[in-house]
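# Structure assessment
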Amino acid sequence: MHRKRASSWHVPTGHEVCYTDRKDSKKRSFTKYAKLLTSTPKFVKEVKRGIYLATLFYTKDDKILVTLDENLPIVEVDDASTVSFTQEFQWLLKVGCTWQDIKMLKDQVERNLSSTSVYLRGRLLQALDTLQAGVGCDDLGQLHYQIIKDKNGTNIIVITKKIKNPSFIRSRTLSMKWISLSKLQKKTTQKDVNDSPNAVNQIITSIQDVISYHQQTKKPLDKGLYLGFMKLRTSVDAIHITVPRYSPNILPHVKVRDNPHVSREEWEWLTGLTTMSEEELAAESSPSFQSTLEHALKTLLDDIGVSRNVCWLNYCS
């Protein structure tokens, strides 16, 4: 005996025939996408005088994440430049180590907006929160070491990140898409750069340099013991440090040996260089370690162009 198959069709009030399951599914889908569209942050199309944040997300095949109108994701921080922005940028570099705490930091800063610096920090955190929502990713990456500026008073802070799975970003926001680097740079012709060298054009024309810098800072050293050299140059509002051209994330260095461990005797000899006499040093030192270290030091000083005599006097004084 065959049972009568239940029908999913029904006639509601008003005698309008509909398929309820399909209708509910379409309604849920529409609500989902409508919510994404209405919650999309407003990115800046044209920059003026002020401070901005921009993201530079790229892939291994030179795809760049842009808005639907093919601009870099840029949000405004403040519409006025400030001469003390260097200190806030240095503070922002530290914030970039804890992206997951942006909302918490923003709430704490907003409770105390009495000073100008705290106000600007609050604006920076608000802009970061907007960027995170706009690109659908909390971890925005690494801040570029240099603020991009132009003669119009525009300051753009660039945050760079390599995306391993582009579809992950695309699936979380409908306001973004991926395009090739060459297509993005074609929009910025040489004429535009010469006639109006604004900060956005500077970023787009130097994207490859920014990406190269980001990749170089991610290269770790091989296992071993290294000797480094710190050389500083100070100015009124900044401290500059010498780094290798192709390893900007570490000090100038040279490898001493493959074994990274330093014995207690070796460490006592090293720390005694400034207090022991030459006779005591000769008696305490390990000939093998001393000769290896001296050879590494000579190589390093020659590489960075520092006089051996001056360096030794400064070290021992």
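Residues numbered from 1 in each chain as written. Predicted model: local features only at pLDDT ≥ 70, side-chain atom pairs only at ≥ 80, totals over all residues. Heavy atoms only, no water.

## Focus on the pattern of salt bridges
Selection rule: We define a salt bridge as a side-chain nitrogen of Lys or Arg found within 4 Å of a carboxyl oxygen belonging to Asp or Glu. Helical segments are the DSSP runs of H or I of at least four residues, strand segments are the runs of E of at least two, and each set is numbered from the N terminus. When a residue's accessible area, from a 1.4 Å probe over protein chains only, is under 20% of the maximum for its type it is buried; when over 50% it is exposed; and in between it is partly exposed.
Counted by the stated rule, this structure contains 9 salt bridges. Among the ionic pairs, Lys45 bridges to Asp69, the shortest N-O distance being 3.7 Å. In this pair, Lys45 is assigned in the loop between helix 1 (20-38) and strand 3 (50-58) and Asp69 in the loop between strand 4 (63-67) and strand 5 (74-78), connecting sequence segments 24 residues apart. Lys45 sits in the exposed class, given a relative accessible area of 64%. Arg257 is the partner of Glu266 in a salt bridge, and the nearest nitrogen-oxygen pair spans 3.0 Å. Here the residues in one salt-bridge network are Glu70, Lys177 and Lys183, joined through shared partners.

## Comments concerning unusual backbone geometry
Positive phi is not limited to glycine here, since Asp62 has a value of about 60°. Mapped onto the elements, Asp62 comes out in the loop between strand 3 and strand 4. For Asp62, a relative accessible area of 37% corresponds to the partly exposed category. Phi is positive for Glu70, which is not a glycine, with a value near 65°. On the secondary structure map, Glu70 appears in the loop between strand 4 and strand 5.

## Topic: the nonpolar core
Definition in use: The criterion is simple. A nonpolar core is a set of buried Ala, Val, Leu, Ile, Met, Phe, Trp, Tyr and Cys residues joined through side-chain atoms within 4.5 Å. Every residue pair with non-hydrogen atoms within 4.5 Å of one another is taken to be in contact.
Ranked by internal contacts, the top residues of the largest apolar core, which has 33 residues, are Leu53, Phe57, Phe85, Leu92, Leu128, Leu140 and Ile157. The set of elements that each furnish at least two residues to this core consists of strand 3, strand 5, helix 2 (85-95), helix 3 (102-110), helix 4 (116-135), strand 8 (154-162) and strand 9 (176-180). When residues of this core are assigned to their parent elements, the largest contribution, 8 residues, is made by helix 4. Leave out the neighbours within four places in its chain, and Phe57 touches Lys63, Ile64, Leu65, Val135, Cys137, Asp139, Leu140, Lys161, Ile163, Ile169 and Trp178.

## Quick notes on the packing of helix 10 (residues 264-271) against helix 12 (residues 287-304)
The test is simple: Think of each axis as a best-fit line through the C-alpha atoms, taken over the contacting stretch in the case of a helix, with angles from 0 to 180 degrees between the N-to-C directions. Small angles under 35 degrees read as roughly parallel and large ones over 145 as roughly antiparallel, with 65 to 115 read as roughly perpendicular and the rest as oblique. By the definition used in this description, the sense in which the near helix is turned from the far one sets the handedness, with an anticlockwise turn below a right angle giving left-handed and a clockwise turn giving right-handed.
Where helix 10 contacts helix 12, the two axes come as close as 11 Å, and the packing angle between them is 50°. By the angle between their directions, the pair helix 10 and helix 12 is classed as oblique. In terms of crossing hand, the pair formed by helix 10 and helix 12 is right-handed. Contacts from Glu266, Trp269 and Leu270 in helix 10 reach Phe289, Gln290 and Leu293 in helix 12.

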